[in-house]
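Summary of structural features
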Protein chains: 2
Amino acid sequence: MPDGTSKKPSRIQMRNRSLILDAALDVFSAHGYRGATLDQIAEAAGLSKPNILYYFTGKEEIHVTLLNQLMETWLDPLVEMDAAGDPLTELLDYVQRKLDMSRDLPRESRLFAGEILQGAPRMLPHLRADLKPLLNEKCAVIQTWMNDGKLAQVDPRHLVFSIWATTQHYADFDTQVRVLLDDDPHDSAAQFLDQMYRSLLTP
Amino acid sequence: MPDGTSKKPSRIQMRNRSLILDAALDVFSAHGYRGATLDQIAEAAGLSKPNILYYFTGKEEIHVTLLNQLMETWLDPLVEMDAAGDPLTELLDYVQRKLDMSRDLPRESRLFAGEILQGAPRMLPHLRADLKPLLNEKCAVIQTWMNDGKLAQVDPRHLVFSIWATTQHYADFDTQVRVLLDDDPHDSAAQFLDQMYRSLLTP
DNA sequence: CCACTTTTTGACCAATTGGTAAAGCTACGA
DNA sequence: TCGTAGCTTTACCAATTGGTCAAAAAGTGG
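This report concerns the structure included in the present document. Since we're looking at a predicted model, the values are computed, not measured. (Residues numbered from 1 in each chain as written. Chains lettered and ligands numbered in written order. Predicted model: local features only at pLDDT ≥ 70, side-chain atom pairs only at ≥ 80, totals over all residues. Heavy atoms only, no water.)

Looking now at helix 8 (residues 156-172) of chain A. Residue and element names in this part refer to chain A. With 17 residues, helix 8 ought to run about 24 Å at 1.5 Å a step, and its terminal C-alpha atoms sit 23 Å apart, in line with that. The buried count for helix 8 comes to 16 of 17 residues, which makes it a mostly enclosed element. Put simply, D155 is the residue that caps the front of helix 8, since its side-chain oxygen is 3.0 Å from the backbone nitrogen of R157. (Helix = DSSP H or I, 4+ residues; strand = E, 2+ residues; numbered from the N terminus. Expected span 1.5 Å × (residues − 1). Buried < 20%, exposed > 50% of the residue type's maximum accessible area, 1.4 Å probe, protein only. Polar contact = N/O pair within 3.5 Å; in protein donor to acceptor, adjacent residues only side chain to side chain.)

Encoded structure:
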């Protein structure tokens, strides 16, 4: 077993751990935690099941590792929103970054959605410790912008919720969107969302 | 086994079938299809597992039955949108009806979300047969409204997607919303969404 | 009260699944 | 070349889970 306390993971450890995590992201995002099996993950990774359990102590640790890695990526677009920038531009850019993430990282979006949908059994601490303070900070910034008359007055929290909802929708409900739309939704969605938030936020 | 071809389901059949479906809705919406077990459903329904299988041929049939029942309820708010009514009022009322559904039927919302999230393995036919034509019809109505200058010009499909996303978000991501918000979100969400779609759609 | 149908249950199964143990293989430095 | 630490596999469990079956129990009409 690779010693968690030792300093340097070998090259083969790095490769196999990332093979496993990538395969697990496929499987967990497609079938949910309970719906995913170690055999599926093993096959997708091109490794045997016991070999998987040589690198991770169990199914749960794989899932938790994915969730932990995800949290960083997930918060990043919001972190980038700059209090010193132009308010409307900052918010519209944030919307576009989130929409791009739905296109580029749909597995991550669905993994996150599935976790929250089931009550966030393994993510609640992260939500409280990481997401909540960040949201509070950014909502305060948005509120300042509104008080300065740079943006129309709306509830900053519901504004952010709506941005999350509308952008992640294109990853999480991709199956439905594809049934209902004939062409690729990304460009038309980008245009629609820009129009919607521009009309809402322009003072 | 209750004969599916016979004419009249007995009183006790009606009662137990609905007990089972209600319990199954709890369990499936909380844990997903694969995460739910017949034992959980049986316990929640207050019946034994073999007794459950006396009324339904298997786990899948219970799930499919729930999904079929759900489709009606789900489309209803959109069906009610009246081409003869006042355009802005009709759309804003639709938003409120969907938001009310998220508050009143969160289990149904999560069941639907979970099914779509996993690629809609049992719902794709319904989406194509029921949802798609209805959406096309209603989008045509909205387009007419816009052409008549009653509404601002936006992409009707993405408009509807955004309504679904923002309203269902309060049911599907309830756990997250509750962590981030201290008071009940419903009234403030209703106000925010009214403001957002009013500013977007007012010509 | 009795025959007959519907409902319920306890005992049981086969398949799946997360996980283990120990032997075998491989890379690599001395 | 050899020894050793790291990596991989084969064979195997024990628990869970969807589902079956025959018999018991409860309704029900006459």
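On the side of chain B, 55 residues touch chain A, which itself brings 55 residues to the contact. Between chain A and chain B the total buried area reaches about 4600 Å² when both faces are included, carbon and sulfur atoms providing 69% of it. Of all residues in chain A, L117(A), H158(A) and L180(A) give up the largest surface area on contact with chain B, accounting jointly for 16% of the area buried on that side. Inspection of the region where chain A meets chain B yields two salt bridges. Residue K132(B) pairs with D182(A) through a salt bridge whose shortest N-O separation is 3.8 Å. Taken together, the links from chain A to chain B amount to 13 residue pairs in polar contact (both at pLDDT 80 or more). Here the side of chain A that touches chain B takes twelve residues from helix 8 of chain A, the largest share from any one element. In the side of chain A that touches chain B, the residues fall into 28 nonpolar, 19 polar and eight charged. (Contact = heavy atoms within 4.5 Å. Buried area = accessible area lost by both parts, 1.4 Å probe. Salt bridge = Lys/Arg side-chain N within 4 Å of Asp/Glu carboxyl O. Nonpolar A, V, L, I, M, F, W, Y, C, P; charged D, E, K, R; others polar.)

What follows covers the protein's contact with DNA strand D. Taken together, 18 residues sit near DNA strand D, with S10(A), I12(A), R34(A), Y55(A) and K59(B) positioned nearest. Taken together, the sugar and phosphate atoms account for 57% of what DNA strand D places within 4 Å of the protein. In this structure, a phosphate oxygen belonging to DNA strand D sits 2.3 Å away from a side-chain N or O atom of R34(A). N51(A) is positioned with one of its side-chain polar atoms (N or O) 3.2 Å from a phosphate oxygen of DNA strand D. Every element with two or more residues in the surface near DNA strand D is listed here: helix 1 (11-35) and helix 3 (49-55) of chain A together with helix 3 (49-55) of chain B. (Near = heavy atom within 4 Å.)

Around DNA strand C, the structure places 18 residues, and the nearest of them are K59(A), S10(B), R34(B), Y54(B) and Y55(B). Taking all atoms of DNA strand C within 4 Å of the protein, the share assigned to sugar and phosphate is 60%. At 3.2 Å, a side-chain N or O of N51(B) approaches a sugar or linking oxygen of DNA strand C. Of all the secondary-structure elements, those providing two or more residues to the surface near DNA strand C are helix 3 of chain A together with helix 1 (11-35) and helix 3 of chain B. Residues of the surface near DNA strand C, tallied by class, amount to eight nonpolar, seven polar and three charged.

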